[in-house]
Amino acid sequence: MKEDILHNLAVINERIKKACEQSGRNTDDVKLLLATKTVPPDRIKITLENGYTLIAENKVQELKEKYEDLKGIPHESHFIGHLQTNKIKDILKYDVTCVQSLDRLELAEKIHQRLLAENRTMDVLIQVNTSNEESKFGVNPDQATELTRKISNYSTLKIKGLMTIGLFSAETEKVRACFKILRNLQQDIIRENIPNVEMKELSMGMSGDLETAIEEGATIVRVGTAVFGARIYPDSYYWDEGKTNK
Ligand SMILES: *Cc1c(COP(=O)(O)O)cnc(C)c1O
């Protein structure tokens, strides 16, 4: 088990390095985030103990279940799933340092209020739906700048950039188009010069498309399957949840 995970991590590192070389980028400018949904703590620990310390969950329930087991090992924890407002206090309780999936004003306002009450701040990325798929969360690209502007008024939220899930397609150019949308949005927002907004992070690219994402400027790639193996739940279980019955 340990050997497999370490081997997979080495392969991913090599892929990141190659993609950086090919696009004239510095390897240090791309962070590897491990998407740990469905992965039990003993497997996650292997990565943490070997220097891969940036991890993320999609569901608050899993964050909670694994928290005690991982607490003693230094790491940074992001949140990349659909966040319901009634789970905000848990996100803070379990030491999430960045919510990458901030996609609506109501959620931003509620996180802000909670942070104010606890006298804390939090990093956030604005999640954008670049693939135009009904099943994925995220603000529409044409509303992303406006949402960013509104969220920037919440002093406790530190906007660090944008996040997206690319189209699932074997056609690289269609996937690339999603990443280009995110990159262009980033540039647009930078030009707007909005106070309290930093736009340095582009979280995009997963096991299957990280090379394309890096070529288009990704600063964080989120990898699960390629490190931990296939999951038993389909991704729709994580990505559609709450959308239809909300
Ligand atoms: C699961 C997940 C990933 C990682 O996907 P893999 O294809 O397993 O690498 C990345 N981002 C989000 C939001 C995810 O839910």
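Remember, predicted model here, so these are calculated numbers, not experimental data. (Residues numbered from 1 in each chain as written. Predicted model: local features only at pLDDT ≥ 70, side-chain atom pairs only at ≥ 80, totals over all residues. Heavy atoms only, no water.)

*Asks:* Would you mind going over the pattern of salt bridges with me for this structure?
*Replies:* Oppositely charged side chains are able to pair whenever their charged atoms sit close together. A complete count under the given rule lists 19 salt bridges for this structure. Here Lys160 and Glu198 are joined by a salt bridge, their closest N and O atoms 3.0 Å apart. One end of the pair, Lys160, is in strand β6 (residues 157-163); the other, Glu198, is in strand β7 (residues 197-203), and 38 residues separate them in sequence. The exposure class assigned to Lys160 is buried, which follows from its relative accessible area of 17%. Taking the relative accessible area as the measure of exposure, Glu198 reaches 34% and is therefore partly exposed. For Glu171, the salt bridge identified is with Lys174, shortest N-O distance 3.3 Å. The class for Glu171 is partly exposed, based on a relative accessible area of 45%. In this structure Lys174 comes out as partly exposed when scored by relative accessible area, which is 43%. Each of the salt bridges in this network shares a partner with another, and the network as a whole consists of Glu173, Arg176, Lys180, Glu215 and Glu216. (Salt bridge = Lys/Arg side-chain N within 4 Å of Asp/Glu carboxyl O. Helix = DSSP H or I, 4+ residues; strand = E, 2+ residues; numbered from the N terminus. Buried < 20%, exposed > 50% of the residue type's maximum accessible area, 1.4 Å probe, protein only.)

*Asks:* Looking at this model, I keep getting lost on the site of the ligand. Mind explaining?
*Replies:* Taken together, 13 residues sit near the ligand, with Lys37, Asn58, Ser207, Thr225 and Arg231 positioned nearest. Residue Asn58 places a side-chain N or O atom 2.7 Å away from an oxygen atom belonging to the ligand. Take Gly224: an N or O atom from its main chain is 2.8 Å from an oxygen atom of the ligand. Computed on the free molecule, the ligand has an accessible area of 390 Å², of which 96% lies beneath the protein chains in the complex. Considered class by class, the residues forming the shell around the ligand number six nonpolar, four polar and three charged. (Near = heavy atom within 4 Å. Polar contact = N/O pair within 3.5 Å; in protein donor to acceptor, adjacent residues only side chain to side chain. Areas by Shrake-Rupley, 256 points an atom, 1.4 Å probe, with all protein chains shown as cover. Nonpolar A, V, L, I, M, F, W, Y, C, P; charged D, E, K, R; others polar.)

*Asks:* Quick question: what am I supposed to make of helix α2 (residues 41-49) here?
*Replies:* Residues lying three or four places apart along an α-helix face the same way, a consequence of the helix completing one turn every 3.6 residues. Of the positions making up α2, those classed as buried are Pro41, Ile44, Ile46, Thr47 and Leu48. Buried residues along α2 sit in contact with α1 (2-22), β1 (31-35), β2 (54-57), α3 (60-70) and α9 (225-228). (Contact = heavy atoms within 4.5 Å.)

*Asks:* How do you make sense of the packing of α1 against α2 when you look at a structure like this?
*Replies:* Relative orientation and spacing of two packed helices are given, respectively, by the angle between their axes and the distance between those axes. Where α1 contacts α2, the axes come no closer than 10 Å and their chain directions differ by 50°. In terms of their interaxial angle, α1 and α2 are classed as oblique. For the pair α1 and α2, the crossing hand works out as right-handed. Each of Lys2, Ile5, Leu6 and Leu9 in α1 lies in contact with α2, whose residues at this interface are Arg43, Ile46 and Thr47. (Axes fitted to C-alpha atoms, helices over the stretch in contact; angles between N-to-C directions. Parallel < 35°, antiparallel > 145°, perpendicular 65-115°, else oblique. Left-handed = near helix turned anticlockwise from the far one by under 90°.)

Fair warning: the whole summary comes from geometry, so function is off the table for now.
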